[in-house]
Amino acid sequence: MAQAARKLGILISVAPTHPNFHHGLQLATAALEAQDEVYLYCLDEAVRGVEDERLQTLKAQNDDGLRLFACAFAAQRRKLSHGRNAIYGGLTMLNDVMAATDRFVSFN
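Residues numbered from 1 in each chain as written. Predicted model: local features only at pLDDT ≥ 70, side-chain atom pairs only at ≥ 80, totals over all residues. Heavy atoms only, no water.

### What about the overall build of the chain?
- When helices and strands are counted, the chain shows four helices and five strands.
- Starting at the N terminus and walking to the C terminus, you meet the elements of the chain as β-α-β-α-β-α-β-α-β.
- Taken over the C-alpha trace, the chain has a radius of gyration of 13 Å; the compact-globule value for 108 residues is 13 Å, and the two agree within 12%.
- In terms of overall dimensions, the chain has C-alpha extents of about 50 × 25 × 25 Å along its principal axes.
- In the chain, the proportion of contacts linking residues at least 24 apart, taken out of those at least 6 apart, comes to 71%. (Helix = DSSP H or I, 4+ residues; strand = E, 2+ residues; numbered from the N terminus. Rg over C-alpha atoms; globule rule 2.2 N^0.38 Å. Contact = heavy atoms within 4.5 Å.)

### Quick look at the side chain of D36
- Considering the arrangement of structural elements, one finds D36 in the loop between α1 (19-33) and β2 (37-42).
- The contact partners of D36, leaving out residues within four places of it in the chain, are R6, A31 and G65.

### Points about the pairing of β2
- With respect to burial, β2 is a largely interior element, five of its six residues being buried.
- Taken together, the six bridges between strand β1 (residues 7-12) and β2 define a ladder with parallel strand orientation. Residue pairing for β2: L11 is matched across the bridge by Y41.
- Running through α1, the crossover from β1 to the neighbouring parallel element β2 is right-handed.
- Taken together, the five bridges between β2 and strand β3 (residues 66-71) define a ladder with parallel strand orientation. Residue pairing in the sheet places C42 in a bridge with A70 of β3.
- Between the parallel elements β2 and β3, the chain passes through helix α2 (residues 53-61) in a crossover that is right-handed. (Buried < 20%, exposed > 50% of the residue type's maximum accessible area, 1.4 Å probe, protein only. Pairing = 2+ DSSP bridges. Right-handed = clockwise from strand over helix to strand, strands pointing away.)

This is the structure in structure tokens:
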């Protein structure tokens, strides 16, 4: 009997230039390689990384396993447009991600 995929929630709130942004992407990559579902939410400065090539490459390679969300308010405050590369929403969406996943990790 096949085991159901585990669900991992990842919150990243640091800029794409910060080492923890990279560490969050590394964890997402490892989880996807283990056939887990990954729910990645970009908050605060991390919304600048939604268009980051590393993140978009990961998303393109794992379209079925990676769900990418971003904070609409954080993007608005930084005058970033809401593109199609992520689903934009509020903290209610983050709460839903936290409630729906088996594990939740934060990179601040």
